[in-house]
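# Examining the three-dimensional arrangement
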Amino acid sequence: MNPRQTPGLAGQSYLTDFITNQLVSEYGAERVRRGGLRIYTTLDAKIQTDATHAILGTLDRKGDPAGSVVSIDPKTGQIRAMAIAEKGKRIAYDLPVNGQRQSGSTFKMFVLTHAIERGINPYSTRYLSAPLIGPDNWRVHTFENTYSGRIPLTEATLLSDNTVYARLTLDLGPQPIAGLAHRMGIQSTLKPVPSIVLGVNAVSPLDLATAYATLADGGVAHDPTILTKVVFPDGHTERASQPKGRKIVDPKVAAAVTKVLEANVRSGTGTAAALAGRPVAGKTGTTDSFADAWFAGWVPQLMTVTWVGYPTGEKPMRGVHGIPGVTGGTLPAEIWHTFMTGALQGQPVEQFATPGAPPYLRWCGRYQFARTWRDARKHNRCTHKHKKHEKKGKTTTQQKTTTAKATTAPTTAFTIPTTTSRPPTTTKKKPPPPPPSPTTTTTTTTPTTTTTPGEP
């Protein structure tokens, strides 16, 4: 590839490996090895440039962490932008695809989705916000050590309350939550442990974007793709396959989750991502010790995940730009806002789908109001009518004040020359080793533009 002739791709050689992997999966290793292919991708050159500019325009000081942006058309799974950048450094390692980082509170989306699938009404169902001692001495507290008593799940989501979501996860069980996350698009191994809700399992930015895109498309999952067509050396053209979407989540459930996360951008932890005049839904995530920070958000026509952290290791982000600890609602949400403002310029304002509310059932969870595992009910069912809790004891509450149709986009074309080195033969993702030294060279021709991780 020739990055000087590829708008938005200068210094982003990591894309070559991902494109080659998809080529091998689509056309076979032998045909790819022969080289001479002219490749057209789903990447939008302008949006790719917007992604890099949004990262470096925000993380613009020496010593700042890196940032990554992955943006997907939720209607098709086509990748519109996939970037990683760090001021003053060139990153060849494909962190957006292969990087495995704890996802923090972005994983609460899967718990909320499964809860609504089970018939739990997030507006009327209350859970206890208070320190929890769970099984095996699992201790959970909130990010700011403030508690709100018995609150609706909607309020707990806007507060990103770890203790409420820990109780809910114990009631639902971590195994079905892990299964749902896999079906929605997470490819990495997920340990089905109660702390799954706090994002202790590592995921890649591409995986998280793919899973959230399932929600953005009304519950329909699409495999992420970066290829549109390939022109072979003899001149004939083959279009890349476009797998059909798979219905994973009921559209009414997806709409209900979207409505809660839309409120999160209006008045919860994600206010820094809000776009003037457009509906936005999203969830923040921050891992233990401020080592990784995320924002996963979408409008109807575009789903984007932003990540901020140090590529070489889990280094706490304290004092970056004067922020005591970088959370998902700070720099990641700011990058998301900047990127989406540019990417959506000139695009129509679309509204989220409103297919109606899913059916809700009365819910009584074992850990719903338990302070320790010893207080839990014997069963996850309502065996008698509960007295109405008109009067509640005094609790300390802290109000946070901070925070279609598939679109057609230009594609970017590449040419892979003949090479004697054998390309990868699989696209399955594995936990990555340390960034390797490059062992092959690929060139490009002129493109054709057609404890308690979890937080706020």
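What you see is a predicted model, and the numbers here were worked out from it, not measured in a lab.

Here we come to the overall build of the chain. When helices and strands are tallied, the chain shows eleven helices and 17 strands. Here the chain, with 456 residues, has 57% of them falling under the buried criterion. When the accessible area of the chain is evaluated, it comes to approximately 19700 Å², of which 52% is carbon and sulfur surface.

On to the sheet that holds strand E15 (residues 292–299), then. Pairing is antiparallel across the open sheet formed by five strands, whose spatial order is E3-E2-E16-E15-E14. The open sheet has two edge strands with one neighbour each: strand E3 (79–85) and strand E14 (281–286). The average angle at which neighbouring strand axes cross in this sheet is 10°, direction not considered. Pairing of E14 with E15 involves six bridges; the strand directions are antiparallel. Pairing of Lys283 across the sheet is with Ala296, part of E15.

We now examine the pairing of strand E11 (residues 227–231). For E11, the tally of buried residues reaches four of five residues, placing the bulk of the element in the interior. Summarising the sheet, strand E1 (residues 37–41) and E11 pair through four bridges and their orientation is antiparallel. Bridge assignment links Thr41 to a residue of E11, and that residue is Leu227. Hairpin connection of E11 to strand E12 (residues 237–239): five residues between the antiparallel strands, including Gly235 at a positive phi of 100°.

Grouped together as the largest cluster of nonpolar side chains are 117 residues, with contacts concentrated most on Phe110, Leu168, Ile226, Trp298 and Phe339. Looking at which element gives the most residues to this core, the answer is helix H9 (residues 205–216), with eight residues.

A separate point is the packing of helix H5 (residues 108–117) against helix H8 (residues 174–184). Direction vectors running N to C along H5 and H8 enclose 105°, while the axes themselves pass 9 Å from each other. The orientation of H5 with respect to H8, classified from their angle, is roughly perpendicular. Side by side, H5 and H8 meet where Met109, Phe110, Val111, Thr113, His114 and Glu117 of the first sit next to Pro176, Ile177, Leu180, Ala181 and Met184 of the second. Across the contact of H5 with H8, the residue classes tally to eight nonpolar, two polar and one charged.

Turning our eyes to something else, we now look at the pattern of salt bridges. Summed over all chains, the structure comprises twelve salt bridges. Across the salt bridge formed by Asp60 and Arg61, the nearest N and O atoms sit 4.0 Å from each other. Relative accessible area serves as the criterion here: at 37%, Asp60 is assigned to the partly exposed category. Arg61 gets classed as partly exposed once you look at its relative accessible area, which sits at 45%. Put simply, Glu30, Arg33 and Arg34 are held in one network by salt bridges that share partners.

A rise of 1.5 Å per residue sets the reference length of helix H1 (residues 14–27), with its 14 residues, at 20 Å; its end C-alpha atoms lie 20 Å apart and thus fit the reference within 8%. Within H1, eleven of the 14 residues are buried, leaving the element largely enclosed by the surrounding structure. Among the residues making up H1, those that are buried are Tyr14, Leu15, Thr16, Phe18, Ile19, Thr20, Asn21, Gln22, Leu23, Val24 and Tyr27.

Moving on: the packing of aromatic side chains. All told, the structure shown has seven aromatic pairs when counted by the stated rule. With centroids separated by 5.5 Å and ring planes inclined at 85°, the aromatic side chains of Tyr27 and Phe232 adopt a geometry described as edge-to-face. Here the residue Tyr27 occupies a position in helix H1, and Phe232 occupies one in the loop between E11 and E12, the gap between them amounting to 205 residues. Judged on exposure class, the residue Tyr27 and its partner Phe232 are both buried. Aromatic rings pair up to connect Phe107, Phe110, Tyr212, Trp298 and Phe352 into one cluster. If you follow Arg150 out to its NZ or CZ, it ends over the ring of Phe369, 3.7 Å from the centre. The side chain of Lys315 reaches across the aromatic face of Tyr310, ending 4.6 Å from its centre.

Another point: the side chain of Lys108. Following the sequence through the fold, Lys108 ends up in helix H5. A polar atom in the side chain of Lys108 sits 2.8 Å from the backbone oxygen of Ser160.

Moving on to the packing of H5 against helix H7 (residues 162–172). Closest axis-to-axis distance for the H5/H7 pair is 10 Å, and the angle between their directions is 50°. Here H7 runs oblique to H5, going by the angle between their axes. Crossing handedness for the pair H5 and H7: left-handed. Counting all contacts with H5, which are made through Lys108, Val111, Leu112, His114 and Ala115, the residues of H7 involved are Asn162, Tyr165, Leu168, Thr169 and Leu172. Class assignment for the residues of the contact of H5 with H7 results in six nonpolar, three polar and one charged.

Moving on: the environment of Gly325. With respect to the helices, strands and loops of the structure, Gly325 is situated in the loop between strand E16 (302–309) and helix H11 (331–343). Look at Gly325 and you get buried, because its relative accessible area is 11%. Spatially, the C-alpha atom of Gly325 lies 9.1 Å from that of Ala291, the residues being 34 residues apart in sequence. Residues contacting Gly325, with those up to four places away along its chain left out, are Phe290 and Met317.

Let's shift gears to helix H3 (residues 45–58). For H3, with 14 residues, the first-to-last C-alpha span of 20 Å sits near the 20 Å given by 1.5 Å per residue. Along H3, the residues classified as buried are Ala45, Ile47, Gln48, Asp50, Ala51, Thr52, Ala54, Ile55 and Thr58. For H3, the secondary structure elements touched by its buried residues are H1, strand E2 (66–72), E3 and H11. Regarding H3, its N-cap is Asp44, as a side-chain oxygen of that residue lies 2.9 Å from the backbone nitrogen of Lys46 further along.

Attention now moves to the environment of Val164. Position of Val164 among the secondary structure elements: in helix H7. Val164 gets classed as buried once you look at its relative accessible area, which sits at 0%. For the pair formed by Val164 and His141, sequence separation is 23 residues and the distance between their alpha carbons is 9.4 Å. Ignoring sequence-local partners within four residues, the contact set of Val164 consists of Tyr127, Leu128, Ser129, Ile151, Leu153 and Ala156.

What counts and how
Residues numbered from 1 in each chain as written. Predicted model: local features only at pLDDT ≥ 70, side-chain atom pairs only at ≥ 80, totals over all residues. Heavy atoms only, no water. Helix = DSSP H or I, 4+ residues; strand = E, 2+ residues; numbered from the N terminus. Buried < 20%, exposed > 50% of the residue type's maximum accessible area, 1.4 Å probe, protein only. Areas by Shrake-Rupley, 256 points an atom, 1.4 Å probe, with all protein chains shown as cover. Pairing = 2+ DSSP bridges. Axes fitted to C-alpha atoms, helices over the stretch in contact; angles between N-to-C directions. Core = buried A, V, L, I, M, F, W, Y, C linked by side-chain atoms within 4.5 Å. Parallel < 35°, antiparallel > 145°, perpendicular 65-115°, else oblique. Contact = heavy atoms within 4.5 Å. Nonpolar A, V, L, I, M, F, W, Y, C, P; charged D, E, K, R; others polar. Salt bridge = Lys/Arg side-chain N within 4 Å of Asp/Glu carboxyl O. Expected span 1.5 Å × (residues − 1). Phe/Tyr/Trp six-rings, centres within 6.5 Å; stacked < 30°, edge-to-face > 60°. Lys NZ or Arg CZ within 6 Å of the ring centre and 35° of its normal. Polar contact = N/O pair within 3.5 Å; in protein donor to acceptor, adjacent residues only side chain to side chain. Left-handed = near helix turned anticlockwise from the far one by under 90°.

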